[in-house]
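Structural features, examined
In case you want the letters, here they are:
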Amino acid sequence: MDKHRRHTLGLLLASTAGTVAAARSTRTPRAAEGPFYPTESMRYSDRDNDLVRRRDRVREAGGEVLHLHGTVADRDGRPLSGARVEIWQCDVNGRYLHTGDRGGRARDPDFQGFGFDRTDGEGRYRFRTLVPVAYPGRTPHIHVKVLAGQRELLTTQFYLADHPDNARDGL
């Protein structure tokens with residue numbers, strides 16, 4: 001597919017409980033952090049919410065662009081303002097921004113690999129990233145962590161709805 005084709009995926013993320021009124025009984029499930037959460041020293045200095053374009057690079061990352069957005073809410077469906085939402089994922093070659101990733105293909109140097117956004121007064125966050133790709137043993141996914149100050153509220157993973165590999169994924 002054309003890497004400039006735009007996709008928008010709206011996700012409602014509830015920290016530790018129910019989401020807003022329409023889905024008050026739905027809870028975002030916790031999921032494993034995984035082995036490739038990049039430590040502070042592994043991350044690029046550019047850590048904004050646009051993972052497709054690094055400030056120090058001329059080109060954009062390869063792959064299909066995804067506009068990821070959602071809302072963080074508390075148990076009662078009230079928006080959580082000022083929460084830090086972090087995402088990390090592999091690049092178009094299935095490689096993570098992590099020293100422990102020893103995958104066979106070269107990592108895309110134009111992909112930021114990790115970024116964060118702060119929720120606004122309505123609990124909303126936004127990212128410009130890539131449509132996740134599968135790699136051996138895993139269905140396409142994006143890792144997500146939500147923090148309030150230093151307190152971790154939720155670690156989970158987002159998946160592509162109805163992807164055929166979802167049923168075979170170990171997580």
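So, here's what we can say about the structure. As the structure is a computational prediction, the values presented were derived from the model and not from experiment.

The next thing to look at is the overall build of the chain. Scanning the chain for helices and strands turns up zero helices and seven strands. Each helix (α) and strand (β) of the chain, taken in turn from the N terminus, gives the series β-β-β-β-β-β-β. Within the chain, buried positions represent 47% of all 171 residues. Considering only contacts within the chain whose residues lie at least 6 apart along the sequence, 72% involve residues at least 24 apart. As displayed, the chain has an accessible area near 8900 Å², and 50% of this comes from carbon and sulfur atoms.

With respect to the element layout, Arg126 can be found in strand 5 (residues 124-130). With residues near it in sequence (within four places) discarded, Arg126 still touches Asn49, Leu68, His69 and Asp117.

The final tally for this structure, using the stated rule, is two cavities of 30 Å³ or more. Approximately 30 Å³ is the volume found for the second largest cavity. Gln89, Asp91, Arg95, Tyr96, Leu97, Arg107, Asp108, Phe111 and Gly113 are the residues that line the second largest cavity. A breakdown of the residues in the lining of the second largest cavity according to their chemical character gives three nonpolar, two polar and four charged.

Judged by nonpolar contacts, the single largest core of 21 residues is most densely connected at Leu68, Val85, Ile87, Phe127 and Val146. When contributions to this core are tallied by element, the ones reaching two or more residues are strand 2 (65-73), strand 3 (84-88), strand 5, strand 6 (141-148) and strand 7 (151-159). Per-element accounting of this core gives the leading share, four residues, to strand 2. Apart from the residues lying within four places of it in its own chain, the contact partners of Val85 are Val72, Gly115, Phe116, Asp117, Thr119, Tyr125, Phe127, Val144, Lys145 and Val146. Counting seven residues, the second largest nonpolar core, distinct from the first, contains Tyr37, Trp88, Tyr96 and Phe114.

As for its placement among the helices and strands, Asp169 is situated in the segment after strand 7. Setting aside residues up to four positions removed in sequence, Asp169 forms contacts with Gly137, Arg138, Thr139 and Tyr159.

Analysis parameters
Residue indices follow the written sequence of each chain, beginning from 1 at its first position. A pLDDT threshold of at least 70 governs which residues receive local features in this predicted model, and a stricter bar of 80 or more applies before side-chain atom pairs are shown or counted, although totals over entire chains, interfaces and linings include all residues. Hydrogens are left out, water is left out, and the side-chain values use all remaining heavy atoms of the structure. Strands here are runs of E lasting at least two residues and helices are runs of H or I lasting at least four, both read from the DSSP assignment and numbered beginning at the N terminus. The classification of residues rests on relative accessible area computed with a 1.4 Å probe and restricted to protein chains. Under 20% of the type maximum is buried, over 50% is exposed, and intermediate values are partly exposed. Here, residues are in contact when the closest pair of their heavy atoms is within 4.5 Å. Surface exposure here means Shrake-Rupley accessible area, sampled with a 1.4 Å probe, where a residue is shielded only by the protein chains that are shown. With a 1 Å grid laid over protein atoms only, a set of points is called a cavity when a 1.4 Å probe fits there but cannot get out and a pocket when it is open yet has protein on both sides within 12 Å along at least five of seven lines; lining residues have an atom within 4 Å of a point. Grid points are joined across faces, edges and corners, and a volume is the space filled by probe spheres set on the points. The residue classification treats Ala, Val, Leu, Ile, Met, Phe, Trp, Tyr, Cys and Pro as nonpolar and Asp, Glu, Lys and Arg as charged. All others, Gly included, are polar. For this analysis, a nonpolar core means a set of buried residues of the types Ala, Val, Leu, Ile, Met, Phe, Trp, Tyr and Cys, connected via side-chain atoms within 4.5 Å.

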